Amino acid sequence: MNIGIIGLGSIGRKHAQIIQEIGGHKVYALRSNRGSLTSTSENLSFVNQIFSKKEFIQIDLDGLLICTPTHLHSPNLIEFAHLEIPVLVEKPLSHSFIAIPSLSDSYRRKIKVAFCLRFHPIVNKVKSLIESGKIGKVLKANLTVGQYLPTWHPYTDYRNEYFSKSSMGGGALRTLSHELDLALHWFGPFTELSGVINKLSNLEIDVDDNTFILSKHKSGAFINMTIDFLSPKIKRFGYILCEKGEIHYDMITSSLSINYYHKDKSESIPTPKNEMYTTQMKDFLTFINHEPSLAASFSEAEHIMKVIDVAEQSSLQSKTIQII
């Protein structure tokens, strides 16, 4: 198949390399040459670089990856809608809820959003455990993610990147919104929440670097999330309390423990490098061929954008807000 990529920054390059590793497909990248990575390395020589939108849309593309900065997601979805091909757009869906474009139902069904953690082995294990009922109903959970912004992309100056700029849809809440999607994926739709969103550090950014969210879900679960750009060591872990026991996970150490009230069980979940990205891409390639997809739907990603919008309103108004 012919796969198009809009934006060849760090995540666009990662997707291109994975498509090459999977094999059997051609990659065409629409470039602006304005990002922090303006040239391709030898291991991306297989990518057909295109610098004209007119030339790009004339290619017989089977699928499209949108890997641009967050504020360009909505314009890209609108601009290339006429191609009528399946799309995988990076998360979050847009830079704001009101900026989400009004699209036809048929096009919305062709759009998937790359919350890649949905393809992480630990995430799948936790979801299957919750759905099986073996550990009972979820009562509450704490989800935590953090990393130090200046060391995230060491090859560039963090102050110039999209995640540091309000005008480009940056900030910890949007950039690290995977935890919001995990809460939706595991515990069902958000029904109400309160948020505290602020900038605590002296980082040279004009966006939030720290977020606390307390949410209630349709399942009845209460979830606390901590998201930041400040942690000196990258972390992504959580604790889920259920009626029959508790689940502890750590995606950095690839560990999962299940502690029942009468017995303990711990196990290591193998997570080879890039496995979730490879699984995500294989899922999208089969989605192009009309197979079911495990990726987040347009509607689910839209719900996450509403959650972000409500969290910001709640933080400004210092009150809990109902969502549905």
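What counts and how
Residues numbered from 1 in each chain as written. Predicted model: local features only at pLDDT ≥ 70, side-chain atom pairs only at ≥ 80, totals over all residues. Heavy atoms only, no water. Helix = DSSP H or I, 4+ residues; strand = E, 2+ residues; numbered from the N terminus. Contact = heavy atoms within 4.5 Å. Axes fitted to C-alpha atoms, helices over the stretch in contact; angles between N-to-C directions. Parallel < 35°, antiparallel > 145°, perpendicular 65-115°, else oblique. Left-handed = near helix turned anticlockwise from the far one by under 90°. Buried < 20%, exposed > 50% of the residue type's maximum accessible area, 1.4 Å probe, protein only. Pairing = 2+ DSSP bridges. Disulfide = S-S within 2.5 Å. Core = buried A, V, L, I, M, F, W, Y, C linked by side-chain atoms within 4.5 Å. Nonpolar A, V, L, I, M, F, W, Y, C, P; charged D, E, K, R; others polar. Salt bridge = Lys/Arg side-chain N within 4 Å of Asp/Glu carboxyl O. Phe/Tyr/Trp six-rings, centres within 6.5 Å; stacked < 30°, edge-to-face > 60°. Lys NZ or Arg CZ within 6 Å of the ring centre and 35° of its normal.

Q: Break down the side chain of Thr226 for me, with residues and values.
A: Within the secondary structure layout, Thr226 lies in strand β10 (residues 222-228). Each residue touching Thr226, except ones within four places of it in the same chain, is listed here: Leu143, Thr144, Val145, Thr211 and Phe212.

Q: Describe unusual backbone geometry, listing the residues and the values that go with them.
A: Cis geometry marks the peptide bond from Lys91 to Pro92; its omega dihedral reads -10°. Structurally, Pro92 can be placed in the loop between β5 (87-90) and α4 (105-108). Notably, His290 is not glycine yet its phi reads approximately 70°, a positive angle. Considering the arrangement of structural elements, one finds His290 in the loop between α8 (275-288) and β15 (296-297).

Q: Any details on the packing of helix α7 (residues 178-187) against helix α9 (residues 298-317)? Residues and values, ideally.
A: Two quantities define a packed helix pair, namely the angle between the axes and the distance from one axis to the other. Closest axis-to-axis distance for the α7/α9 pair is 10 Å, and the angle between their directions is 120°. Relative to α9, the element α7 lies oblique. In this structure, α7 meets α9 at a crossing whose hand is right-handed. For the pair α7 and α9, the contacting residues are Leu180, Asp181 and Leu184 in the first and Glu300, His303, Ile304, Val307 and Ile308 in the second.

Q: An account of the pairing of β10 is needed here, citing residue identities and associated values.
A: Here β10 lies mainly inside the structure; 5 of its 7 residues are buried. As paired elements, strand β7 (residues 138-146) and β10 share 7 bridges and run parallel to each other. Residue pairing across strands places Lys140 opposite Phe222, the latter belonging to β10. Relative to β10, strand β9 (residues 210-217) is paired through 7 bridges, and the arrangement is antiparallel. Paired with Leu214 across the two strands is Asn224, which belongs to β10.

Q: Lay out the state of the cysteines with the relevant residues and their values.
A: Structurally, a disulfide amounts to a covalent bond that connects the sulfur atoms of two cysteines. Within the structure shown, the criterion is met by 0 disulfides. Between Cys67, a free cysteine, and Cys116, which holds the nearest cysteine sulfur, the sulfur-to-sulfur gap is 12 Å. Relative accessible area serves as the criterion here: at 8%, Cys67 is assigned to the buried category. Owing to a relative accessible area of 6%, Cys116 belongs among the buried residues under this scheme.

Q: Any chance you could break down α7 for me, citing the residues and the numbers?
A: Of all 10 residues making up α7, 10 are buried, and the element is well covered by its neighbours. His178, Glu179, Leu180, Asp181, Leu182, Ala183, Leu184, His185, Trp186 and Phe187 are the residues of α7 that are buried. Where α7 terminates, the next one or two residues include Gly188, which has phi positive at roughly 90°.

Q: So what's going on with the nonpolar core? Residues and values would help.
A: Within the largest apolar cluster, 101 residues are counted, with the highest numbers of intra-cluster contacts made by Phe56, Leu143, Trp186, Phe187, Phe190 and Ile240. Here the element with the most residues in this core is α9; it accounts for 8 residues. In this structure, Phe190 is in contact with Leu180, Ala183, Leu184, Ser215, Lys216, His217, Met225, His303, Ile304, Val307, Ile323 and Ile324, ignoring residues within four places of it in sequence.

Q: Lay out the sheet that holds strand β1 (residues 2-6) in plain terms, naming residues and giving numbers.
A: Either a parallel or an antiparallel arrangement is found when strands of a sheet pair, and the pairing is made through backbone hydrogen bonds. The mixed open sheet is built from 7 strands, whose spatial order is β3-β2-β1-β4-β5-β6-β15. Both edges of this open sheet fall to β3 (48-50) and β15, since each of them pairs with a single strand only. As judged from the 3 bridges shared by strand β4 (residues 63-66) and β5, these two strands associate in the parallel manner. Residue pairing in the sheet places Leu65 in a bridge with Leu88 of β5. On the sheet, α8 packs against β1, β4, β5 and β6 (111-114) and is oriented at approximately 140° with respect to β4.

Q: Before we move on, could you go through the packing of helix α5 (residues 121-132) against α7 and cite the residues and values that matter?
A: In contact at an axis separation of 9 Å, α5 and α7 are set at 30° when each is read in the N-to-C sense. Comparing their axes, α7 and α5 come out roughly parallel. Where α5 approaches α7, its residues Val123, Val126, Lys127 and Ile130 are matched on the opposing element by Leu182, His185, Trp186 and Phe187. Of the residues belonging to the contact of α5 with α7, the class tally is 6 nonpolar, 1 polar and 1 charged.

Q: Any chance you could break down the pattern of salt bridges for me, citing the residues and the numbers?
A: A complete count under the given rule lists 9 salt bridges for this structure. Across the pair Glu131 and Lys127 runs a salt bridge whose closest N-O atoms are separated by 2.9 Å. Here Glu131 pairs with Lys127, and both are found in helix α5, just 4 residues apart, close to one helical turn. Close ionic contact of Arg174 with Glu312 constitutes a salt bridge, the shortest N to O distance being 2.6 Å. In this pair, Arg174 is assigned in helix α6 (residues 172-175) and Glu312 in helix α9, connecting sequence segments 138 residues apart. The exposure class of Arg174 is buried, given its relative accessible area of 9%. The exposure class assigned to Glu312 is partly exposed, which follows from its relative accessible area of 25%.

Q: Any details on the packing of aromatic side chains? Residues and values, ideally.
A: If you walk through the whole model with that rule in mind, you get 6 aromatic pairs. Taking the centre distance of 5.9 Å and the plane angle of 65° together, the rings of Trp186 and Phe187 count as edge-to-face. No difference in accessibility class separates Trp186 from Phe187, as the two residues are buried. Relative to Phe287, the ring of Phe284 has its centre 6.4 Å away and its plane inclined at 35°; by these criteria the two rings are tilted. Within this pair, Phe284 and its partner Phe287 are both found in helix α8, separated by 3 residues, close to a single helical turn. Of the two residues, Phe284 and Phe287, both sit in the buried class. In this arrangement the basic side chain of Lys14 is found over the ring face of Tyr277, its NZ or CZ atom lying 4.8 Å from the centre.

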